[in-house]
Amino acid sequence: MLRREHVRPPPDEPLRDSTRRSLFVSTDPDPLAAGRILQAGLEEHRAAWRSTVPTYVRTARKRHPEIKDPTERLARYLAGLPNLEWGDFWRMGLDWGEPSDAEERLLLPLERWVLACVLFEEVGGVPLMLSWDLGAPPSAAGFAPFDAVGVLVPGLGLVLDDGFVPAPEGTSARLAGVQTVQMTADSVELVPLASDAAHAMVHWVGVVSSLQKRSVHMNLTVAFQGDRAIELRRSWDSWLESRNAVAPGNRVSLETWEARFVGRVIERAPRKGSVTVEDDRRDFVQLWASVAAGESLAIEGETALMEIPLRVEHELVSLTPVRRRKTPLRLDLIDERWNRTFLAPDGYTLGAIPDSETHAAGPINVSVVWEGVGRGARLTYQLQVNEQIVDPVHAKDVQEAARILQELDRTKLVFVRSPEPEPEPEEEDEVLP
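(A) Geometry of empty space enclosed by the protein. Within the structure shown, the criterion is met by two cavities of 30 Å³ or more. There is about 30 Å³ of room inside the second largest cavity. Every residue along the wall of the second largest cavity is listed here: Trp204, Leu220, Thr221, Val222, Val262, Ile266, Leu287, Trp288 and Ala289. Of all the elements in the fold, those that place two or more residues in the lining of the second largest cavity are β8 (215–225), α6 (254–266) and β10 (281–294). Taken together, the residues of the lining of the second largest cavity sort by class into eight nonpolar, one polar and no charged.

Below is the structure:
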């Protein structure tokens, strides 16, 4: 592993990084070789950066007084600092630069990394290099296959060179399964971050009925749990703070504010909406929405076609062409469930019930079950991806799951006009003999 240094611009000089980049060049196919070099650099510079810790602690407290946990406060502060090089820290060489106090100048990604290692070492922070690319690593040149550096803070999340990812119990749906080089005081080893589909649970329940020609009305309830709920809870808290920051005379009602928030989450503009959170469970958020979905109903004479509102948008839908695969696939963890009842427009009945389909193999489970309910139909649907790193032997299973999702995405319910009831014959008066 060779390295070339670059000359660092003085703090008061405008940044011209594109003219001063350097490149790591590796002749060792072992990705741990790069990790060992960076670990040596961390150990070399930690002592110098410890002198700056008090300024970062004070500035984080001043910037985020609403966050009571000092560890989370530091993580949020570092995440908000401007980024000098988005994702290109390997092209900056190993010029770590001189330690700087908070607010003094922009930090290079490697400087932010060593600073994070120092700030979180007392709470057991573990330095990491992360990779989102599961393809074959290059044979010789480049710092691939690793894309980011960060610190895993147990029980809090990951403080990366370009942001902060909350991860309860050290796991995140967004990062679970990501390949990492993990650095401890005694070793440098290649490990994946833990996977847990429970951190990505979404459960929909709703009733869909006709509203008028070309539109349908939906009453929907969606519950989030785990990692997705924690992110949504933080977003809701911030949304409330922005409302409360407005002068009382100019504030919209809480009901209107809730409806706007719900509309942001489900990507529609609800007529009504509400938010439910449980203070003793930060990993639970529930939304309710009353929504009109236009262009979802077409009535043409004796036939009415109803689309299934809210599209199937998981990345599996795009993987139908996958047949042969030599490298692993990386999928988003999810446990999404729908339970929706589709009611027929007035004067119509369901013409036919769509076919049900189920496919369960390896880490992927897709279930689409239709049943008749009165003049309509009920859809019970579940998509589970329980492992983020999917072995290539499951390529055909991924393809079949993607096909089922595509079919569901294209499904339309066909309703036919109900026959007019025949008039009952009039009873003749009985003639007595």
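(B) View of the environment of leucine 119. Along the chain, leucine 119 turns up in helix α4 (residues 109–119). Taking relative accessible area as the criterion, leucine 119 reaches 11% and is therefore assigned buried. Along the chain, leucine 119 and threonine 71 lie 48 residues apart, while their C-alpha atoms are 8.5 Å from each other. What leucine 119 contacts, discounting residues up to four positions off in sequence, is Val53, Tyr56, Leu74 and Leu78.

(C) Looking closely at the nonpolar core. Counting 54 residues, the largest nonpolar core has Leu287, Leu316 and Trp370 as the members making the most contacts within it. Not counting residues up to four positions away in its chain, the partners in contact with leucine 316 are Leu331, Ile364, Leu383, Val385, Val398, Ala401, Ala402 and Leu405. Counting 35 residues, the second-largest nonpolar core is a separate cluster that includes Ala34, Val149, Leu156 and Phe164.

(D) Structural detail: the pairing of strand β6 (residues 188–192). Where strand β5 (residues 179–183) meets β6, five bridges bridge the pair, whose relative direction is antiparallel. Following the sheet pairing, valine 181 is matched in β6 by leucine 190. What sits between the antiparallel neighbours β5 and β6 is a turn of four residues.

(E) Expanded view of the sheet that holds β5. Strand order in this open sheet of six strands is β4-β3-β2-β1-β5-β6, and the pairing throughout is antiparallel. The open sheet terminates on both sides in strands that have one partner only, identified here as β4 (163–166) and β6. Within the sheet, the average angular offset between the axes of one strand and its neighbour, ignoring direction, is 30 degrees. Taken strand by strand, helix α3 (residues 70–80) contacts β2 (148–153), β3 (157–160) and β4, and its axis lies near 140 degrees from that of β4. Along the sheet, α4 contacts β1 (126–131), β2, β3 and β5; its crossing angle with β2, the most-contacted strand, is approximately 10 degrees.

Rules of the game
- Residues numbered from 1 in each chain as written.
- Predicted model: local features only at pLDDT ≥ 70, side-chain atom pairs only at ≥ 80, totals over all residues.
- Heavy atoms only, no water.
- 1 Å grid on protein atoms, 1.4 Å probe; cavity = no way out; pocket = protein on both sides within 12 Å on 5 of 7 lines; lining within 4 Å.
- Points joined across faces, edges and corners; volume = space filled by probe spheres on them.
- Helix = DSSP H or I, 4+ residues; strand = E, 2+ residues; numbered from the N terminus.
- Nonpolar A, V, L, I, M, F, W, Y, C, P; charged D, E, K, R; others polar.
- Buried < 20%, exposed > 50% of the residue type's maximum accessible area, 1.4 Å probe, protein only.
- Contact = heavy atoms within 4.5 Å.
- Core = buried A, V, L, I, M, F, W, Y, C linked by side-chain atoms within 4.5 Å.
- Pairing = 2+ DSSP bridges.
- Axes fitted to C-alpha atoms, helices over the stretch in contact; angles between N-to-C directions.

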